[in-house]
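Tertiary structure, described
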Amino acid sequence: ERRREDHGDETDMTTVSSPAFWEDLYQRHGDGWELGGPAPALVDFVEATPPPRGRVAVPGCGRGPDVRYLASRGYDALGFDFADDAIRAARALAAREGSAATFERHDLFTLDRDYPNAFDGVWEYTCFCAIDPARRPEYVQVTRRILRPGGWFLASFYPIRQTGGGPPFPMSRAEIRRRFAPWFRFERAFAPLRTVPRRSAQEWMVFARKTC
């Protein structure tokens, strides 16, 4: 079966919020968002201007290539996903590579209950676009609450477009600023130099700091 990144306009929003939806995609190899290695935008940013080291959360980590990359660069990286298959694979890959990355099966929307003010940074990629768009305000609040005062938020938002089905669900730069600006100070925002070819011109890199 061909891997897909966009599941069309027919997606039932109740299924997107269910672990079973994502378990099914992993089991039938419908996980087209998985790159098999760290996101080019993350690698370029960290190699050029690394955020302060510390404890970093990676929500919606999938099989964990970004988490393992961050761990290899000296971050205490913890990946979260609520798909069992993803977490099992992530742990197996980390063990095979001797990576210090750790992984936990967890619902993104309850992270703030178990990890209040627990992280120095958050890396976001293909998680915000995968959730029900109606829950984006919840995502922002969870991200804010798990970060320590002054903590950093690094994201490569995708897909930057106006229409289309999902997941991934489209978004705009204006929406991202509107949702995050009350709680975060945008320090850098730009189109990444390198991206996945099929996502060309659809990614927007943001580095921000928690302000309240």
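Residues numbered from 1 in each chain as written. Predicted model: local features only at pLDDT ≥ 70, side-chain atom pairs only at ≥ 80, totals over all residues. Heavy atoms only, no water.

**A few points about the overall build of the protein chain**
Of regular secondary structure, the protein chain possesses eight helices and seven strands. Expressed as a percentage of contacts within the protein chain between residues at least 6 apart in sequence, the contacts between residues at least 24 apart total 72%. Here the protein chain displays about 9,400 Å² of accessible surface, and carbon together with sulfur accounts for 51% of that area. (Helix = DSSP H or I, 4+ residues; strand = E, 2+ residues; numbered from the N terminus. Contact = heavy atoms within 4.5 Å. Areas by Shrake-Rupley, 256 points an atom, 1.4 Å probe, with all protein chains shown as cover.)

**What about the nonpolar core?**
Counting 32 residues, the largest nonpolar core has Phe-119, Tyr-139, Phe-153, Phe-157 and Phe-180 as the members making the most contacts within it. Sorting the residues of this core by element identifies strand E2 (76-81), strand E4 (119-125), helix H7 (136-146), strand E5 (147-157), helix H8 (173-180), strand E6 (184-190) and strand E7 (204-210) as the ones contributing at least two each. Residue contacts for Phe-157: discarding those within four places in its chain leaves Glu-124, Phe-128, Met-171, Ile-176, Phe-180, Gln-202, Glu-203, Trp-204 and Val-206. In this structure, Ala-41, Phe-45, Val-58 and Val-67 belong to the second largest nonpolar core, which totals 27 residues. (Core = buried A, V, L, I, M, F, W, Y, C linked by side-chain atoms within 4.5 Å. Buried < 20%, exposed > 50% of the residue type's maximum accessible area, 1.4 Å probe, protein only.)

**Looking at the side chain of Arg-136**
Its location among the elements puts Arg-136 in helix H7. On the basis of relative accessible area, Arg-136 is assigned to the buried category, the value being 2%. When neighbours within four sequence positions are excluded, Arg-136 is seen to be in contact with Phe-128, Cys-129, Ile-131, Phe-169, Pro-170, Met-171, Glu-175 and Arg-179.

**Observations regarding the pattern of salt bridges**
Using the criterion set out here, one finds twelve salt bridges in the structure. In this structure, Glu-47 engages Arg-73 in a salt bridge whose closest nitrogen and oxygen atoms are separated by 2.7 Å. Of this pair, Glu-47 sits in helix H3 (residues 40-48) while Arg-73 is found in the loop between helix H4 (65-72) and E2, placing the two residues 26 residues apart along the sequence. When its relative accessible area of 34% is taken as the criterion, Arg-73 is described as partly exposed. With its nearest N and O atoms 2.8 Å apart, the salt bridge here joins Asp-84 to Arg-105. Placement of the pair is Asp-84 in helix H5 (residues 84-97) and Arg-105 in strand E3 (residues 102-105), with a sequence separation of 21 residues. (Salt bridge = Lys/Arg side-chain N within 4 Å of Asp/Glu carboxyl O.)

**Brief notes about the packing of aromatic side chains**
The final tally for this structure, using the stated rule, is 17 aromatic pairs. Summarising the aromatic geometry, the rings of Phe-45 and Phe-190 are spaced 6.4 Å apart at their centres and angled 10° between planes, so their arrangement reads as stacked. Within this pair, whereas Phe-45 is found in helix H3, its partner Phe-190 is found in strand E6, the two being separated by 145 residues in sequence. On the basis of relative accessible area, Phe-45 is assigned to the buried category, the value being 6%. On the basis of relative accessible area, Phe-190 is assigned to the partly exposed category, the value being 25%. Taken together, a centroid distance of 6.5 Å and an interplanar angle of 75° make the contact between Tyr-139 and Phe-180 edge-to-face. Highlighted residues: Tyr-139 in helix H7 and Phe-180 in helix H8, separated in sequence by 41 residues. Taking NZ or CZ as reference, Arg-135 lies 3.8 Å from the ring centre of Phe-109, over its face. (Phe/Tyr/Trp six-rings, centres within 6.5 Å; stacked < 30°, edge-to-face > 60°. Lys NZ or Arg CZ within 6 Å of the ring centre and 35° of its normal.)

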